[in-house]
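# Architecture and fold: a report
So you can see what is in the structure, the chains are spelled out below.
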Amino acid sequence: MQFKHPEILYFLFLLIVPILVHLFQLRRFKKEFFTNVRFLIALAIQTRKSSQIKKWVLLTTRLLLLTALVLAFAQPFSLSKEKSNLQKELYIILDNSYSMQAKGKKGELLQRAIQELLETTPETIHFSLLTNTETFWNTDIKSIQKELQNLQYSATPFELDPILNQIQARPSLYQKEIVVISDAIGLESKQLTTIAKTDAISFIIPKAEQQNNVSIDSVFIRQTLDNFYEIGVQVSNYGENNQPVSMGLYNQNKLVAKTMISLKKQKQVIPFTIPKKAFHGSVSLVDNGLTFDNTYYFSIGESPKTKVISIGEVAKNAFLSRIYTNDEFKYQNSTLAQLDYNLIENQDAIVLNEVEDIPQALQTTLHSFVEKGGNLIVIPSVKASISNLNSLVQMTGNTSFKSANTTEKLITKIHFNHPIFRNVFENKISNFQYPKTKTSFTVTSTSPAVLSYQDESPFLVSSNTGAGIVSVFSAALNMENSNFQQSPLIVPVFYQLAQSQEKNGIAARTIGNSDSYFIKTDLSKEGILTVKNKTEEFIPIQQNLGTKVKMNFENYPLQAGNFSVFNKKQWVENISFNYDRKESNLIHNNKKLLSEIPQITSISSVFDQIRTENNDSQIWKWFLIFALLMLISETAIIRFVK
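Small disclaimer: the values here were computed from a predicted structure and weren't measured.

Cut-offs used in this document
- Here the residue index of a chain counts from 1 through its sequence in written order.
- Whole-chain, interface and lining totals are the exception, using all residues; otherwise, since this is a predicted model, local features are given only for residues with pLDDT of at least 70 and side-chain atom pairs are given and counted only at 80 or more.
- Side-chain figures throughout are based on the complete set of non-hydrogen atoms in the structure, without hydrogens or water.
- Each residue's exposure class comes from its accessible area (1.4 Å probe, protein chains only) as a fraction of the maximum for that residue type: buried when under 20%, exposed when over 50%, partly exposed otherwise.
- Working definition: helices are DSSP H or I runs of at least four residues, strands are E runs of at least two. Numbering for both runs from the N terminus.
- The directions from the helix axis to the C-beta atoms form the arc being described.
- In what follows, residue pairs with any heavy atoms lying within 4.5 Å of each other are defined as contacts.
- Put simply, buried Ala, Val, Leu, Ile, Met, Phe, Trp, Tyr and Cys residues joined by side-chain atoms within 4.5 Å make one nonpolar core.
- Polar contacts, as counted here, are pairs of nitrogen or oxygen atoms within 3.5 Å of one another; within protein the pair requires one atom able to donate a hydrogen and one able to accept it, and residues that are adjacent in sequence qualify only if both atoms are side-chain atoms.

## Observations concerning helix α8 (residues 386-393)
Buried within α8 we find N388, L389, L392 and V393. Angular distribution of buried residues about the axis of α8 spans 125°; they occupy a single face of the element. Along its buried surface, α8 packs onto β19 (349-353), α7 (360-371), β20 (375-379), β21 (399-405), β24 (440-445) and β27 (468-473).

Below is the structure:
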């Protein structure tokens, strides 16, 4: 037998009270002899013996009464033999993403959830606790108390399904009881599909009192002037916050510019002008919402000009020289016959423009170029064979040329969400003069289109291949076949296609982004690049590609900030990291899902339910009934027993 409240058993010391009272009542009788009352001696002895028996019975009754009351309030229980076979394993999923930084009635949501776990979790209950960053299997609250108190916010947004996959992969003989403590920001129904039918899941969803929030989403270069950069800071305003906020621009922690911004739209771009020099700092604002998205770190380096070479006829490549100008590019053109293959490896982008027959040697060289992080732009010739084109683009693994057709087509759709157009357009364009093509190829690809015809077939597709990017047009762009060169789209499209994967000229990564990052540096075979700042240092996954180093950061660093890349002790370049902004919007857009999922009010109710289901809690009632019987017995003894 066990007790729900064993501390109440200390009240058993009160049993000494009726014993002391009984002892004080045991008085000695002084003998007095009277000759005329000697006949009463026998009657007195008999009466005194009867009184002593009554007192001992009353003492026993009172002791049993107090004992039964104390045991009843301690709530004894025993494991139910039948229900022990249905014992559950408890798994608690605690969301420690930055949206839990929002304040509820009793403070920050995450800190309040941790406090409730520490206060209400019984020390005898074993459970598993999983967060975005930590996992504690089959533990108890006392063992992880220090880790919970020091739990930090996660740099990546909360995703439920990978955590559920961990739970499902863990073998168990019992039913799994899963409790999710999360504000449910970004929760989707598909994340719940991994739950086994035999398992039970419930949610504790703390609510933020303040849902208004202002976030800095990105920083990009809007325009490059002779001596200045005009940068744009994209800001999002969630909720009904109409109060102006202060925004400051810092370079090496020194204030460069400051302004007050009026929050007139949900999304708006704030312009700043800075000298055309290296920049390693941040832009920040002050609002009453979340703080993790109030600062955006970014770096602008004195990077060399982008090297671009076009292969094809000089006349057909003339339009490229007007796009790849000397202020930002090192552009050159070469015919196929005069091409120096040794130049290819040192280029950043190659435009293969209307080459009728692409030699196998060139194809092999271009494949290697793309694998090492180069950008290849393919413009087919109307006279090219489909087999020759497919032999070139087969490196993508998902793009191929089909039949040619001579039907005139209009290019009508711009896919603004494609990474090629990131930070290119401030507003979506719906009315523009549609360019057209006379002869084109049917191109199929599993990669998303950048531009499409009116029949939804792709005009331009872009595929990540190895470490580089292959962009394929479906038609020739010469003036006889298309008027695309006269379209306003020609400049931003080719400009973006030639840039490296850090397309906006700013080195600012999102923590958790799986895209590769390339650094131009000569690294020895034994050399290793290290990323660090004053508080954190790590070595990313890296691959030496000769003139470049391919790096993958995964979930590093742990904290956003300005960092530098070092080759041993030699500085290479600056880079900055920021938290993902997915959870900046605290307004739920999944209210239907929230109404359907099972919810509970607190974690303590979970433990009460487990005790109720797994324990026989009827014993305390029998002790209470016994105490009542003892009370009735005491009253009867006092009243009727002489």
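Still to come is the rest of the account.
## Some points on the nonpolar core
Judged by nonpolar contacts, the single largest core of 49 residues is most densely connected at I92, L94, V531 and I575. Among the elements that line this core, the one with the most residues is helix α3 (residues 109-120), at five residues. The contact partners of I575, leaving out residues within four places of it in the chain, are H280, S299, A507, R509, Y517, V531, F553, G561, N562, F563 and V565. Listed in part, the 31 residues of the second largest apolar core include I377, F473, I490 and F494.

## So, the environment of E536
Among the structural elements, E536 can be located in the loop between β30 (529-532) and β31 (537-538). For the pair E536 and L558, spaced 22 residues apart in the sequence, the C-alpha separation amounts to 8.1 Å. Those residues in contact with E536, other than ones at most four positions away along the chain, are V531, P557, L558, Q559 and F563. A polar contact is formed between the side chain of E536 and the backbone nitrogen of L558, at a distance of 2.6 Å.

## Thoughts on the side chain of Q268
Along the chain, Q268 falls in strand β14 (residues 267-275). Separated by 3.2 Å, the side chain of Q268 and the backbone nitrogen of K264 make a polar contact. A polar contact is formed between the side chain of Q268 and the backbone nitrogen of K265, at a distance of 3.4 Å. Not counting residues up to four positions away in its chain, the partners in contact with Q268 are V233, Q234, V235, S262 and L263.

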